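Chains, contacts and geometry: an overview
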Amino acid sequence: MGYRMITALPRLWQALRYFCVVLILLASVSCVNTKKAVYFSDQKNGSFAAPTVPKLVIQNNDLLSISVSSLNPEASAVFNQANNNNAPGGAATSTSTTTTATGFLVDGNGNIQFPFLGQVKAAGLTKDELKDHLTKTLLDKKLLVDPIVTVRFLNFKVTVLGEVAHPTVVTVPSERISLLEAIGLAGDLTIYAKRDNVLVIRDEDGQKVTHRLNLNSTELFNSPYFYLKSNDVVYVEPNKSKVASTGRAQLWLPIVFSALSLGVIVVDRLTR
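Conventions adopted
Residues numbered from 1 in each chain as written. Predicted model: local features only at pLDDT ≥ 70, side-chain atom pairs only at ≥ 80, totals over all residues. Heavy atoms only, no water. Pairing = 2+ DSSP bridges. Helix = DSSP H or I, 4+ residues; strand = E, 2+ residues; numbered from the N terminus. pLDDT = per-residue confidence, 0-100. Contact = heavy atoms within 4.5 Å. Axes fitted to C-alpha atoms, helices over the stretch in contact; angles between N-to-C directions.

A few points about the sheet that holds strand E1 (residues 63-69)
- The sheet built from three strands is open, its strands ordered E2-E1-E5 with antiparallel pairing. Of all the strands in the sheet, the pair left with one neighbour each is strand E2 (104-105) and strand E5 (148-153).
- Direction of pairing for E1 relative to E5: antiparallel, over a ladder of six bridges. For isoleucine 66, the partnering residue across the bridge sits in E5 and is valine 151.

Quick look at the confidence of the model for the protein chain
- Chain-level pLDDT for the protein chain is 78 on average; 65% of the residues reach the 70-or-more range.
- Element-level pLDDT for the protein chain is lowest in helix H1 (residues 2-29), with a mean of 55, against a maximum mean of 97 in strand E10 (residues 233-236).
- With pLDDT under 50 throughout, residues 83-100 is counted as low confidence; its partners more than four residues away or in other chains account for 26 contacts.

A look at the sheet that holds E10
- Strand order in this open sheet of five strands is E7-E6-E10-E8-E9, and the pairing throughout is mixed. Only two strands of the sheet have a single neighbouring strand rather than two, namely strand E7 (168-171) and strand E9 (207-213). On average, adjacent strands in this sheet sit at an angle of 20° to one another, irrespective of strand direction.
- Relative to E7, strand E6 (residues 157-162) is paired through four bridges, and the arrangement is antiparallel.

In structure tokens form, the structure reads like this:
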């Protein structure tokens, strides 16, 4: 028994050495530069101009809430019946709930079907421009007296993906959200997030436009991408530490398990 224990000790010691080396390597690759993990590390005490909120332009496939009121509630009621049957598929259904979204759907030609007015061009206009156009048309056609028209977006949403705690699609009832608010609603960035290279993907004039932002710098507040637009996609890349740790883990985990297995075998032999 004593001879077996003496001859097995070198193998046990070798297994322990392998295990310790692997732990050291895994710990070293998981180190993150703390300066790069801090938001706005270049910010000192002071002030700067608030970012400009972008104008929201109506696009094809937007879902709009249009409410009309006047001195005659009965005459106004007919204009408040949402009509989604102007496009194939009918009403749009929310993916997060079982509730059917009601509103006026902008079709592929950029039009909505409005009661008594028929096709009304909406795409390319802001909410205020569409409101003014509907108000003027209702007055010109003498359909209502002193109408008050309100237009809102029902499908304002942004998507946050990548190295965040909870990748998600954020719905924005207030029609205004900043990049920082969207990231906060996604549970904030993980420690492995690449904060100096956050990608924003935006639809503009029928094209996909991409822009990269540095959350370590206060220059973010001067960017036209600080406030997000509807259907923007935010993608946060993993940093080198995440990539390296994942690759090293895949490489070294079999060795760790082998070393542990060897240690178990040696201990089992010694205790017999």
